[in-house]
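# Working through the structure, step by step
Here's the letter readout for the chains.
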Amino acid sequence: MGGPARFVIEHLSDQTSGARAACQRAETLLQALEARFSRYRSDSLISQINRLAGTGEWTCIDEETRALLQFCERLWEQSQGLFDPTAGILRQVWDFSQGRHGDITKLPNLCAKVGWSKVLQSDQGIALSHAGMELDLGGVVKEYGADKAAQSFREAGFNHALIELAGDIVAVGSKTSGAPWLVGISNPSAPSETLVSLELNNSAVATSGDYQRYIEIDGQRYSHFLNPHTGWPVNEAASVSIISDSCLTAGAVATVACLHSGEDATTWLNDAGLPWLSIGQTGECTGPLAPAHPANDIDRN
Amino acid sequence: MAVIERGVKNAHSASTIKQSPLVRTLGAAVAALPAYQNTYADAPPEFTEVGLRYSHYSEDSLSEDKFIAGARGRYDIDVTQLWIEAPIGSNWSIAVDVQNDSMSGASPWFVGTQVDGQPGVIMSGASIYDNRVEVGATTRYFWADGNAGFNVTHSKEDDYEALAMAFDVAWNSADNARTWSASASTSNDRVEPVNGNIPVFIDQEDIDTASVYFGVSQILSSTAIVRIGLGYTFSEGYLSDPYKLFDARPDEHSRTALSGGYRKFFPEAQGALQIDYRYYSDDWGTDSHTAEVAWHQSFDRFALTPYLRYYSQREADFFSVIADLEQDFYADDFRLSSYGAITVGLRSTVQIGDWQMEGQLERYESDNDWGLYDGEAAPALVNFWRATIGISWRFD
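Residues numbered from 1 in each chain as written. Chains lettered and ligands numbered in written order. Predicted model: local features only at pLDDT ≥ 70, side-chain atom pairs only at ≥ 80, totals over all residues. Heavy atoms only, no water.

## A look at the confidence of the model for chain B
Residue and element names in this part refer to chain B. The condition that has to hold: Think of pLDDT as the predictor's per-residue confidence, scored from 0 to 100. Should any heavy atoms of two residues lie within 4.5 Å, those residues are counted as being in contact.
Taken as a whole, chain B shows an average pLDDT of 88; of its residues, 91% reach a score of 70 or greater. Within the model, pLDDT remains below 50 along residues 1-9, and this stretch shows 28 contacts once partners closer than five positions in the same chain are excluded. Here the predicted complex scores 0.60 on pTM and 0.82 on ipTM.

## Overview of the sheet that holds strand 3 (residues 67-69) of chain B
All names here are of chain B. Counted only if it meets this: What makes two strands pair is DSSP finding at least two bridges between them. A run of DSSP states H or I qualifies as a helix once it reaches four residues; a run of E qualifies as a strand once it reaches two. Both are numbered from the N-terminal end. Helix axes are fitted only over the stretch in contact, all axes being lines through C-alpha atoms; the angle between N-to-C directions runs from 0 to 180 degrees.
Spatially, three strands are ordered 3-7-6 in an open sheet, and the strand pairing comes out mixed. Because the sheet does not close on itself, it has two edges, and the strands there are strand 3 and strand 6 (108-113). Neighbour-to-neighbour, the strand axes of the sheet open up by a mean angle of 40 degrees, direction not taken into account. Judged from the five bridges that link them, strand 6 and strand 7 (residues 119-123) form a sheet pairing that is antiparallel. For Pro108, the partnering residue across the bridge sits in strand 7 and is Met123.

## Details of the sheet that holds strand 1 (residues 5-9) of chain A
Residue and element names in this part refer to chain A. Ordered by their spatial adjacency, seven strands build an open sheet running 1-6-7-10-13-14-15, and the pairing between neighbours is antiparallel. Single-partner strands in this sheet number two, and they are strand 1 and strand 15 (285-286). Note that strand 13 (residues 239-244) and strand 14 (residues 276-279) share four bridges and pair antiparallel. When the sheet's bridge partners are listed, Ser241 is paired in strand 14 with Leu277.

## Some remarks on the packing of aromatic side chains
For any pair of aromatic rings, geometry is given as the distance between the ring centres together with the angle between the planes. Residue and element names in this part refer to chain B. Counted only if it meets this: Pairs were defined over the aromatic rings of Phe, Tyr and Trp, the Trp ring being its six-membered one, requiring ring centres within 6.5 Å. Orientation was assigned from the angle between planes: stacked under 30 degrees, edge-to-face over 60, tilted for the rest. Lysine NZ or arginine CZ positioned within 6 Å of the ring centre and within 35 degrees of the ring normal marks a charge as sitting over the ring.
Counting across every chain of the model gives 14 aromatic pairs over all chains. Among the aromatic residues, ring-to-ring pairing joins Tyr57, Tyr364 and Phe384 into one connected group. Looking at Arg74, its charged tip hangs above the ring of Phe334, at a distance of 5.3 Å from the centre.

## Quick look at unusual backbone geometry
All names here are of chain A. One non-glycine residue with positive phi stands out, namely Ala166, at about 50 degrees. Here Ala166 shows up in the loop between strand 6 (161-165) and strand 7 (168-172). The phi dihedral of Asn202 is positive, around 55 degrees, even though this residue is not glycine. Note that Asn202 resides in the loop between strand 9 (190-201) and strand 10 (204-209).

## Details of the side chain of Ser392 of chain B
With respect to the secondary-structure elements, Ser392 of chain B resides in strand 22 (residues 384-395). Residues within four places of Ser392 of chain B in sequence aside, it is in contact with Glu49, Val50, Gly51, Trp83, Asp354, Trp355 and Gln356 of chain B.

In structure tokens, the structure reads:
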């Protein structure tokens, strides 16, 4: 899932073993998701789909995977193709883990293999139409996993819990005292520093940002978000945080915001209508969740 | 005005987060995922839906051995329904429903004695024709934890006019596993029977009705849900049937109904078991049990639902096969007798793109011997067929 997982459950003293069991169950659920959807595991469903790219062979998929793909398709449609789960092959040029890039002249050929419309779905399952194509659900699975862990806590009867999965957070209810959960949004340029604190009650916050994953070209910093149309990284917000009732929706809106440029990002965020915070490359905060936003000048009584 | 502590934002909860069209579009896809099927917030319909449905209801003719005079052919009713439902903004929806019923045929007028001493039915004479038009409008508000609707319906036919209003609300528990629902409705009906094949003895009468309902549904697991509800209805006014010769009913009627249901989805079979039960009791001495079992089977874009319903009713205190005119209240209406009934039916739907086709066929048969309660058999008990076809279209 690309980061640490942390579960917090507030419970009665005689529920300790039940809470531990709920955490173990949530962990198992996340491991199961990773086993199915990780592109780093050769035995995952995603790797199997990718291996069969261009062969004309179908990979059978379960209802949950089909629903997750359906969500990706909706997001692809709504984002005018900016969110594209097939854009992962562009990383063959852009190596964000090492902060360097390869042969940029390969981008046109790679872009030709990118495109959700080249993903075929039928009763038999899913197939990638072109050899060399890759499907990567990393952009949604972590957030979905956080929601799924939260749901497993609710099903186990724990309605005061917090799930943090690599920076994405789901609050199950409030604290037992009735007070909301307090969570912090990190400063992208100094991740140990909390820039904004948020109160969550039965809601989720997801953050997309470049943090330490970026490339500098000619002194210009580029985020790890890749425009599937051009193949180039997008040089916009350092991070975008969204609050929604599901982490999946919050993460999706945040990711697409990071893929937009300039005013388009603001338009997208305003259209979504969810509380948002955008932190620019130089640390400036904008959006309804920004400390200086007029919306925060409210009467709490 | 107090300024909040710098950097700490007001608490954000699912119930305060608005649903923009973009988020609702994504939300529809989110709701299909297993992790959210128990939890996703209420939201208006994502699409506008327009539908047209036609039903034909046909009662069997009265059998020769129970017939004394009049016309043996009973009611045929053609029902045509047109509806539209559309979201308005991010929190509202509106629905308009127009229905036309065309009725023809004869109905039981009274029960007398045949030459062999057995009761027999005197039917209204030649076929009666009537047309009813009903128009209803519902507006509904959705918030994260529930929804509330307000409905106004007007119905008009040659001899009957009704205006009804209803308010309903449903809200979900914090964990979304439980939904409470409540409704209240009122109607004012005006009866102006028309002198035709049979004489009528009133010019104009009114009926006022008020109903309340409270129910709760509980998700038991990711594949099972149970619900229970209690309803109460009170009517006052002219509650007799003006088209029956011997029919004098009390001018007040209190009814209570307790209902429950259970749904269990079987993922391996892509099917769901549906069990429903309803107990009804009123202050006319009638009580009844209704039990229904159905199996909903999905085949990708096609679904079939066979169902079986059993009904049993105890007769009203003032019912007798041949009306006892010595009593203050009396009636020979078969609908107030003791009997049992079985309905067998099949519903199907086919989804093709944004279009959905539906079809339904059911057979209803009733018999005094099938009931759980004692009581003499009413000769006019009815059997009927009902067939329905429909088509609906969803668009952005």
